[in-house]
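# Descriptive structure summary
Now for the letters of each chain:
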Amino acid sequence: MPHLPPAQGLGFRMRPSGGKSGRPAARSVHGVSEVSASWWWWSQAPLQLKNLPVNSFSLEFLTELIINLEKLENDKTFRGIIITSDCPKAFSAGVDLREICGKNPAHYTEYWKVLQDLWLRLYLSNLVLISAINGPCAAGGCLIPLTSDYRILADNPKCLIGLNETRLGISAPFWFKDPLVNIIGHRASEHALQLGLLFPPAEALQVGIVDKVVPKDQVQSTALSVMTQWLAIPDHARQLTKNMIRKPTADLLVKHRDTDIQNFVSFISRDSIQKSLQMYLAKLKQNKD
Ligand SMILES: CCCCCCCCCC/C=C\CC(=O)SCCNC(=O)CCNC(=O)[C@H](O)C(C)(C)COP(=O)(O)OP(=O)(O)OC[C@H]1O[C@@H](n2cnc3c(N)ncnc32)[C@H](O)[C@@H]1OP(=O)(O)O
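Small disclaimer: the values here were computed from a predicted structure and weren't measured.

It is a general feature of regular strands that their side chains alternate between the two faces of the sheet. Counting buried residues along strand β2 (residues 44-51), six of its eight residues qualify, which places the element largely inside the surrounding structure. One ladder, built from six bridges, connects β2 with strand β4 (residues 80-85); its direction is parallel. When the bridges of β4 are listed, Leu 47 appears paired with Ile 83.

Structure representation (structure tokens):
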């Protein structure tokens, strides 16, 4: 399994769990729970996102993420991934606004295609994906949680989660909306999407956008324990079932990819949208001071 130390500010940490060898020492005489514990322990890979300061999706970061996911998917050692953030300020701030502000249509086209690629890879992944959400995640920052199989959120008022695009003067693409509808239902999605709601932990749990809320220092251990339950199911049965449930949603994007890119490029190129995004970015920078 590749161990990729993060480059300056950008990178991922992927490491097999376990001892120095990456696997725990075999235990021959202990009971079933010990044997199965070591079996699942090295079947999952933690993937720590690190694109300082807020894990925003730059084109470079997206590309690296896709490459690393592909490696994990192809390495049959692994059956699940726990995705978390190695940036103290956020799980992910979503689309990097600098990628969709002041650039040209060719750039917007490339960017959107790569974002779609990441979504498809995650949504249809054969691996068990658990999001260990240890920081805020807004708009595109929900891409990883919404495509995961299970979401655990840190119980901290700063850990807001939701698709707040309308507050930026933009509209969430249908392939962000669809998984939300699949997770929290139609009426709750209508409400959340139109108002651009960002849910604090208790509300996030109540509406169902996350499955569990735990103290921040327990997010990782809870993710490991949830992973144990998921890995107790035979892969082939779980994968067939996941595919059966998710394929109709994924097919919509596959079928309408090109139109979606064209819509995005023409929408994002509008002067009014550019102005509103620039104002939002400027406001983010002002808020800091
Ligand atoms: C016909 C229709 C067709 C379809 C049309 C589709 C339309 C497009 C759809 C686009 C889809 C998704 C959109 C997005 O994902 S947009 C991004 C949304 N994200 C947010 O709103 C989050 C913004 N960030 C924050 O709220 C906060 O930064 C934070 C994450 C809560 C952290 O707060 P903090 O106080 O700890 O840190 P802060 O000082 O704010 O930030 C640190 C630096 O990071 C910069 N930054 C933050 N977020 C972004 C970002 N998304 N992109 C780029 N840069 C970002 C921030 O400006 C600070 O920078 P600096 O240190 O001042 O230089």
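Resuming the write-up.
Our focus in this paragraph is the site of the ligand. The immediate surroundings of the ligand are formed by 29 residues, with Ala 93, Gly 94, Val 95, Ala 139 and Gly 140 found nearest. Broken down by secondary-structure element, the contributors of at least two residues to the shell around the ligand are β5 (94-95), α9 (235-268) and α10 (271-288). With four residues, the top contributor of residues to the shell around the ligand is α10. Partitioned by chemical class, the residues of the shell around the ligand number 15 nonpolar, eight polar and six charged.

Right, let's talk about the nonpolar core for a bit. Ranked by size, the top nonpolar core spans 67 residues in total, and within it Ile 130, Ile 133, Ile 152, Leu 153 and Ile 161 carry the most contacts. Looking at this core, the element that brings in the most residues is helix α3 (residues 105-123), giving seven residues. In this structure, Leu 153 is in contact with Ile 133, Cys 159, Ile 161, Pro 201, Ala 204, Val 210 and Val 213, ignoring residues within four places of it in sequence.

Another point: the environment of Val 254. Here Val 254 shows up in helix α9. With 12 C-beta atoms counted inside 10 Å, the residue Val 254 sits in the exposed group. Note: C-alpha distance between Val 254 and Ile 66 (188 residues apart in sequence) is 17 Å.

Here we take up the environment of Trp 119. With respect to the helices and strands, Trp 119 occurs in helix α3. The spacing of Trp 119 and Ala 250 is 131 residues in sequence and 9.0 Å in space, taken between C-alpha atoms. Not counting residues up to four positions away in its chain, the partners in contact with Trp 119 are Leu 143, Thr 147, Trp 175 and Leu 253.

For β4, a buried count of six out of six residues is recorded, marking the element as mostly surrounded by other parts of the structure. Neither face of β4 is left uncovered, since the one carrying Gly 80, Ile 82 and Thr 84 and the one carrying Ile 81, Ile 83 and Ser 85 both have all their residues buried. Relative to strand β6 (residues 128-133), β4 is paired through four bridges, and the arrangement is parallel. What sits directly across from Ile 83, in β6, is Ser 131.

α3 packs onto helix α2 (residues 59-74) with a crossing angle of 30° between their chain directions and a minimal axis gap of 10 Å. As judged from the angle between their axes, α2 and α3 are roughly parallel. Seen from above, α2 lies across α3 with left-handed handedness. Packed against α2, whose contacting residues are Leu 59, Leu 62, Thr 63, Leu 65, Ile 66 and Leu 69, the element α3 presents Tyr 111, Val 114, Leu 115, Asp 117, Leu 118 and Arg 121 at the interface.

Here helix α6 (residues 186-195) has its buried residues at Ser 189, Ala 192 and Leu 193. Viewed end-on, α6 has its buried residues packed into an arc of 95°, placing them on one side of the element. Projecting away from the buried face of α6 at angles above 90 degrees are the exposed residues Arg 187, Glu 190, His 191, Gln 194 and Leu 195. Of the surrounding elements, those touching the buried residues of α6 are β9 (161-162) and α5 (174-184). Phi turns positive one or two residues past the end of α6, at Gly 196, with a value near 60°.

Rules and cut-offs
- Residues numbered from 1 in each chain as written.
- Predicted model: local features only at pLDDT ≥ 70, side-chain atom pairs only at ≥ 80, totals over all residues.
- Buried ≥ 20, exposed ≤ 12 C-beta atoms within 10 Å, placed from the backbone.
- Helix = DSSP H or I, 4+ residues; strand = E, 2+ residues; numbered from the N terminus.
- Pairing = 2+ DSSP bridges.
- Near = placed C-beta within 6 Å.
- Nonpolar A, V, L, I, M, F, W, Y, C, P; charged D, E, K, R; others polar.
- Core = buried A, V, L, I, M, F, W, Y, C linked by C-beta atoms within 7 Å.
- Contact = placed C-beta atoms within 7 Å.
- Axes fitted to C-alpha atoms, helices over the stretch in contact; angles between N-to-C directions.
- Parallel < 35°, antiparallel > 145°, perpendicular 65-115°, else oblique.
- Left-handed = near helix turned anticlockwise from the far one by under 90°.
- Arc of directions from axis to C-beta.

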